[in-house]
Structures are given as structure tokens and as C-alpha cells.
Amino acid sequence: MEDSPPGSSSDSNSPSRAESFDRDRHVFFLQMMYQLMPSQYQGQEINRLTLAYFAVSGLHVLRSVDSLHKEEIISWVLSLQAHPKNEALLNDGQFYGFHGSRSSQFQKIDNGVWTANGSHLASTYCALAILKTVGNDLSVTDSESILKSLKHLQQPDGSFMPIHSGAETDLRFVYCAAAISSMLGNWSGMDREMAKEYIINCQSYDGGFGLTPGSESHGGATYCAVASLQLMGYIEDGLLSKSASSCIIDVPLLLDWSLQRQAADGGFQGRPNKPTDTCYAFWVGGVLRILGAYQFIDETALRKFLLTCQSEYGGFSKLPGQLPDLYHSFYGFSAFSLLEEPGLHPIRIELGIADNVAIGL
Amino acid sequence: MNSHGDHKMPLSQRPEWSDVTPVPQEDGPNPVLPISLTDDFRETMDYFRAVYLADERSPRALGLTAEAIALNAANYTVWQFRRLILESLEADLHEELDFVDVVASSNSKNYQIWHHRRWAAEKLGAEATSRELEFTKKVFSADAKHYHAWSHRQWVLQALGGWEDELAYCQQLLEVDIFNNSAWNQRYFVITRSPLLGGLETMRDSEVSYTAEAIISKPENESPWRYLRGLFKNDMQSLVNDPQVLSLCLTVLKAENVSHVFALSMLLDLLCHGLQPSEELKNAIRALTSEAGPPGSDLARTVCSVLERVDPMRINYWKWRKSTLPSQVV
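These figures come from a predicted structure and were not determined experimentally.

Turning our eyes to something else, we now look at the layout of surface pockets. Estimated volume of the second largest pocket: approximately 1200 Å³. Residues that form the lining of the second largest pocket fall into these classes: 22 nonpolar, 11 polar and 10 charged.

Structure representation (C-alpha cells):
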């Protein structure tokens, strides 16, 4: 079911929604979420740190992060780190990273020591991203434990598992590992060559990437693949002008596939013949930006589509006219940053954090 | 209590739990982004924490994990502990798959559920093959593009087998919806990886015919065009030389009131890889443009110009393609 076109006369109830990016309302939305998330989100308690990343990084993109209590954030995030009792334990096969929340971090009743390490790769990425965003240089984290135990999550085929106790392995976690290593400025925790091979095996016959070898190519997976390769140093700037044979992935096919993801309504879809959705403006738009091909999209049409997903309550929804959620809001803001919306921080696409944060300003 | 964990009575009031002291979640003084948790959720997780810390692997603990999962299917700690209990109790994993069936019906876009299914199926081995294939089919009857289910199905085929009817199943799905990109992807998966078929090169000719038919029926459908190109992966020369491919492009170009975008894009690639165009092809392309154009040369440039017009969303891309054409292309 489609809304009437934005800017039409039936939009007279909330004309501002359709015509421009409503930064103030988005800041308000994030601040409300930051104070208290409604109970519909309780199913995401396990990865609350990810929600915190959306809110904190979102506020930073909107140039409003100074409204937050940075010390509080840093102290809460650090309290979620898993610490081995001694250095020998770094070889016990566990991953010592960050938990997504207390719900995977258990305290023995008798003493105050956290036990049962349920730390998670994606939560670790979010923790580091948040710390950097609020101005921390990561020296306060126990980065040594992270880096020394990261390799326990890498699989024989080069992919990564998110937790050592067993879970699915796919490109999302290769990305997390690469982003973590990049932010810590240290690649000793992963075998980049093996990870690269896994990524190459995920490129589908149509040029996009699937989450696992053989899977259907998908916008989110394609972002994970390309961003990881960029972070690991396997693809460089000016890729489009290089000859096809010099690149480890099929760039022309990837380019063509990615551009074709912009559909007739101006939005981006995640897969061919699927509906458009706000977040792919970031995932696929991001791929195009990394390839140096962002100028090939129709920015006017994309803006128009995204504004139909902008909520009158602030934030963005997945599809036009729906209620906003934190995930689509963050990627909506990031997509507008890619579109160089005035007043927003530019983003370092492959890390999913603001540019000035990425370089440590 | 049913498998959805509907709570008739709070845990604190259930006599069978009276010996357990629930362990509250300690968020610390200034928790960031607190989530408003319902009493139900909070209490269930407090009792879960208690059995987890006590490492109690009992039937009642198993039931408790079901209740926790019903509220919080993404909590991987709960799933992991459930697996430990199942192993300790030597539980019937067929029954466990029954349980997952029910949970999945309201939570199907959840990675933990699919991982748990895979864990159980892996332990059951070949016993689970047809059940898992049936289960994914059931998911596809409601959502034929369900990403998790397709990943799971691919894993089942590779780990446990069952390839016999897969190509036919793809065909069936495509008959229902020729635009189903997941089904096209699965078709590619089957022809390239099935141990029962001859491999890509053996299957190529018949697949080209099948794909051509799909394209002719809906030339605006991106999926079969991508699939066609995929049939010649790493072998562009064969693509350029294949008469079926050329004839297909011509047919589409000459048709009226259909999208020419993918046909033109395919032709552009063929020209860039050395295709020597026939007069028929040159005429078909020129018929799409209002310009007279110099005969016999700059055909690729002409194709780009037409694409700029018929695919205006990507006008900047087609302009760039025009400016970066290989020097020796026609």
C-alpha cells in the first residue's frame, strides 16, 4: 500500500515531513530513545549495546552528541567487557570482548566477579565504535585481550563466528572482526588472507555478495564484503579506473549490480525484485561510495524516497508511512550524510562512524 | 504451560520453583539506553540467571528456557544453555525440532533459531534431511524469498544431501513467480554444486534455453538476465560467441512496449568483449535512436546513448560507461 506522493496536497497535515530532512525532530527522537526504550524493544535486550551504538553514533552524525553524558557512557560500556582472570586464559579458546548487555554477562552471587563469558563480536564492534564516538582513544579498553582472543573465532574457511560457544558464521562477523582490528590499529588478531578468500567465495554469479558462499546476493552482505576488503587493504581508491584483472573481485559486475538496486521509486532494495527499504540507502549506497561510484546514483530520487520514510515523530521507518525504529533511523541519518545533507557529520563508510571520529580528532 | 511460554502464573508463585532464589539483573548506576522491561520478562530472566549460575540441567530448567525464548528469542545465552541441557538429558532431538517449528512460526527472522535447528539437524544427521527440506518448503510457501530459510536449505543439501528434486523444486517456484530472485539463485546453486548433475558447462546449453524463455516472457525481469550472464562465469568468450544469447537480445530489442534496458546492457558488455555486430544488430539498435549515426562504427557509444534515455536513473553511469569504452570496441 502506498502513500500519496510526497509534497502533494494531501500532505497538508505535516508538510515539513515530505520536503526536508527534519534534523531537530530526529535529535529529539534519539534523545527519547536514549532515555528509555519502549518495551517493544525488550527482545533486543541481549544486544542493547548495538542499540546504544545506533543512538550515540546517530546523535553524533546529527551533531548532537555533546548533549550526552560521555563519562557515563564510557563507564557503562567498559563495564560490559569480559576479562580473563589471568593471561593464560587467553589461550583457552574463548573470545574476550564485550557483552551486549548484562543479560549475557553473569555474576556469581558469592563474589563480585563476572563469570561465564558470553561476549560477542558484534557487541565488541559497537562498544569500540561508541567509545571512539564519545572521544575515547580506546586506550582504556583491554585491547590486548580482544586481539589475542579474536583468532579463536576465525574458522578454517576464513569466516568468523560471533561467540566461541557456537553460532552461525557469515560475512557479518568477518566485517566485525575487520572493523575491530581497524579501530584498534592492529591486525594480529585475524588472518586477513583467509578472510579475504572467504569474502571472494561469497561473490555471487551476479556480482553482489551473499552472506555465505552460494547464498543469494544481498545489499547488507555486499556492504560487509566490500567494507571488509577496504579495511583490510585489499581494495584501494580509484578502483573504477583500474583494469578489471588487477582486482580480486569482479568490480564491473559488482558495480552494475549495486547500481541496479536503485528502484523506480528512488529507494534502494536489498535484492532484485524485492521492495525498497530505507537501510539499503546506506548498505548499497555505502558500497558505491567505497567504490568511488556514488555519483552514478540518482540522488534526487533517493532523497525523495527517504523523505517518505521520515517519520513525523522523528526517525525513519523501513518502508514509507510506517512507524520509525532505531535501526532504520540510524541508517536513514547515515544515508543523508552520504547525500551530504548540510549540518550532518560526514561518515567513514567502512567503519560506520563519523569521519572525524574515525581519524581520532 | 504451552510451548509459547504463556504465563498463567508468575514463577515466584509456582510451588515447583519455590526453592530457587531469582537473580536480578544488575545494570549498574547509570545504565545507558535502558529498555522498559515487562514484569514477565524481568522475572523469567531472573529465574533463568539462577539456573544458569547453578548450572542446573533439569527438565524444569529446560521448560524455563522455553519460556525465556518465547519472550526473547534472540538471547543466545539462553539457547546455548538449552543445548547443554538437551545434551545432558539426552533429549529427543526430533521433539526439539518440533519445538523449534513452533518458535519459528512467530520468530522466523531470527538467526539463533536457525542456528539451533542446524545444531539439532547436524546431530540427527541423515534422519533429519527430508524433515528439514520439508520445513524450509513450508516457510517458502508463506515467504518464497526467506533469506534464513534459503541459507538453511543450502546447508542441508550440502551437509545431508537430498539433491534429487531440487532442480524441479526451483522450476516449480519460478512457475509461481518468475521474478523470484532467490529461486534463480538456488537454481544456480543446484546446477553448479549438485553431485547428481554434470556441472555448469554440461548444463549450460539447456539452461540458456530455459533462461531465454523466461526473459522473453518478461524482459524487464533482472533475475534471468543476471543468471544468463552467470552461466558464462569466467568464460566471456563463450558468452560473446553464443548464438542463442545474441538472438535473444535481438528478439527483445525488436519487441515493442517492453523494457530494453537489460538487453542493451548485455549487448554493451558483449561489444566490450569483442562482439562483431551483424547488420541486423546494428539496425535494431539504430531503430531505438533518433540519430542517424555514422554507419558501422561507434555502436557501443550508441548503445550507451540509448541507455541514457531508457534508464535515466542511471544516466551518470551510462555516460561514464560511454567515456570509458575500450579503444578497440566497435
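Another aspect to go through is the interface of chain B and chain A. Taken together, the contacts link 58 residues of chain B with 74 residues of chain A. Buried area between chain B and chain A, summed over both chains or domains, comes out near 5900 Å², and the portion from carbon and sulfur atoms is 55%. A salt bridge links Arg261 of chain A to Glu222 of chain B, with the nearest nitrogen and oxygen atoms 2.6 Å apart. Summed over the shared surface of chain B and chain A, the number is 31 residue pairs in polar contact (both at pLDDT 80 or more). Of all the elements in the fold, those that place two or more residues in the side of chain B that touches chain A are α1 (39–54), α3 (76–89), α5 (111–124), α7 (147–160), α9 (181–193), α11 (222–230), α14 (261–272) and α17 (315–323) of chain B. With seven residues, the single largest contributor to the side of chain B that touches chain A is α9 of chain B. Split into classes, the residues belonging to the side of chain B that touches chain A amount to 26 nonpolar, 19 polar and 13 charged.

Moving on, we get to the packing of helix α2 (residues 23–35) of chain A against helix α13 (residues 326–338) of chain A. When two helices pack together, their arrangement is given by the angle between the helix axes and by the axis-to-axis distance. Residues and elements named next belong to chain A. Two numbers describe how α2 lies on α13: the axes approach to 12 Å, and their chain directions differ by 145°. Crossing of α2 against α13: the hand is left-handed. Contacts between α2 and α13 involve His26, Phe29, Leu30 and Met33 on the former and, on the latter, Leu326, Ser329 and Phe333. When grouped by side-chain class, the residues that make up the contact of α2 with α13 number five nonpolar, two polar and no charged.

Let us look at the packing of aromatic side chains. All names here are of chain A. Under the defined criterion, the tally for this structure stands at 36 aromatic pairs over all chains. When the centroid spacing of 4.6 Å and the interplanar angle of 40° are considered together, the rings of Phe21 and Phe336 count as tilted. Remark: Phe336 occurs in helix α13 and Phe21 occurs in the loop between α1 (15–19) and α2; sequence separation between them is 315 residues. Its relative accessible area of 0% is what places Phe336 among the buried residues. Relative to Tyr331, the ring of Phe330 lies with its centre 4.9 Å away and its plane at 75°, an arrangement referred to as edge-to-face.

Calculation criteria
Residues numbered from 1 in each chain as written. Chains lettered and ligands numbered in written order. Predicted model: local features only at pLDDT ≥ 70, side-chain atom pairs only at ≥ 80, totals over all residues. Heavy atoms only, no water. 1 Å grid on protein atoms, 1.4 Å probe; cavity = no way out; pocket = protein on both sides within 12 Å on 5 of 7 lines; lining within 4 Å. Points joined across faces, edges and corners; volume = space filled by probe spheres on them. Nonpolar A, V, L, I, M, F, W, Y, C, P; charged D, E, K, R; others polar. Contact = heavy atoms within 4.5 Å. Buried area = accessible area lost by both parts, 1.4 Å probe. Salt bridge = Lys/Arg side-chain N within 4 Å of Asp/Glu carboxyl O. Polar contact = N/O pair within 3.5 Å; in protein donor to acceptor, adjacent residues only side chain to side chain. Helix = DSSP H or I, 4+ residues; strand = E, 2+ residues; numbered from the N terminus. Axes fitted to C-alpha atoms, helices over the stretch in contact; angles between N-to-C directions. Left-handed = near helix turned anticlockwise from the far one by under 90°. Phe/Tyr/Trp six-rings, centres within 6.5 Å; stacked < 30°, edge-to-face > 60°. Buried < 20%, exposed > 50% of the residue type's maximum accessible area, 1.4 Å probe, protein only.

Function cannot be read off these values alone, since they describe shape.
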